[in-house]
Amino acid sequence: MVVDAEARKAQLLAHNEANGALFKMRRDPRVTRAGAWLRRWSFDELPQLINVLVGDMSMVGPRPALPAETAEYGHHMRRRLVVRPGITGLWQVHGRSDLSWDEAERLDVRYVENWSLVLDLQILWKTLSAVVRGSGAY
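A. Examining the overall build of the protein chain more closely. The helix and strand tally for the protein chain stands at seven helices and two strands. Shown N-terminal to C-terminal, the secondary structure of the protein chain runs as helices and strands in the order α-α-α-β-α-β-α-α-α. Computed over C-alpha atoms, the radius of gyration of the protein chain comes to 15 Å, within 12% of the 14 Å expected from 2.2 N^0.38 for 138 residues, which places it in the range of a compact globule. Projected onto its principal axes, the C-alpha positions of the protein chain cover 40 × 35 × 25 Å. Put simply, 66% of the contacts in the protein chain that link residues at least 6 apart link residues at least 24 apart. A total accessible area of about 8,600 Å² is found for the protein chain, and carbon and sulfur atoms account for 60% of it. Across the protein chain, the mean location of the 19 positive side-chain charges is 4 Å away from that of the 16 negative side-chain charges.

B. A look at unusual backbone geometry. The backbone phi angle of S42 is positive, close to 60°, even though this residue is not glycine. Mapped onto the elements of the fold, S42 is located in the loop between α2 (33-40) and α3 (48-54). The class of S42 is buried, set by a relative accessible area of 9%.

C. Up close: the environment of W101. Mapped onto the fold, W101 is located in helix α6 (residues 101-113). Accessibility expressed as a relative area gives 8% for W101, which makes it buried. Sequence separation of W101 and N16 is 85 residues, and the distance between their C-alpha atoms is 12 Å.

About the thresholds
Residues numbered from 1 in each chain as written. Predicted model: local features only at pLDDT ≥ 70, side-chain atom pairs only at ≥ 80, totals over all residues. Heavy atoms only, no water. Helix = DSSP H or I, 4+ residues; strand = E, 2+ residues; numbered from the N terminus. Rg over C-alpha atoms; globule rule 2.2 N^0.38 Å. Contact = heavy atoms within 4.5 Å. Areas by Shrake-Rupley, 256 points an atom, 1.4 Å probe, with all protein chains shown as cover. Lys, Arg positive; Asp, Glu negative; His and termini not counted. Charge placed at Lys NZ, Arg CZ, Asp CG, Glu CD. Buried < 20%, exposed > 50% of the residue type's maximum accessible area, 1.4 Å probe, protein only.

Function-wise, these values are silent; they only describe arrangement.
This is the structure:
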């Protein structure tokens, strides 16, 4: 991302391709060429491994949310906040940025309500395929 990415976001809100609290653009002008490549292959997620080691995140869990996103959560979505956010989750293996806000919410709540070690292992396995395909990575 460019240095003033958050300041430029206000100018780009009319071009938002996502619904709900998320802001997504396939060709976001704030993303540098190198940044687009890092996102395409999910290398931008690697620094989050430090957060996993520290205990602030999990390998698998609901997508980390920005404060502006959590402010828009309905009551049912607050359940997703009872578990640590994850580097990967159902949202990543089911479409990433191509998902609607409602679908991402549904998958996050489903994960929290149905957590198991087997589910985490399945998600980790499917993450490899999602990263190699690169679909929805923008």
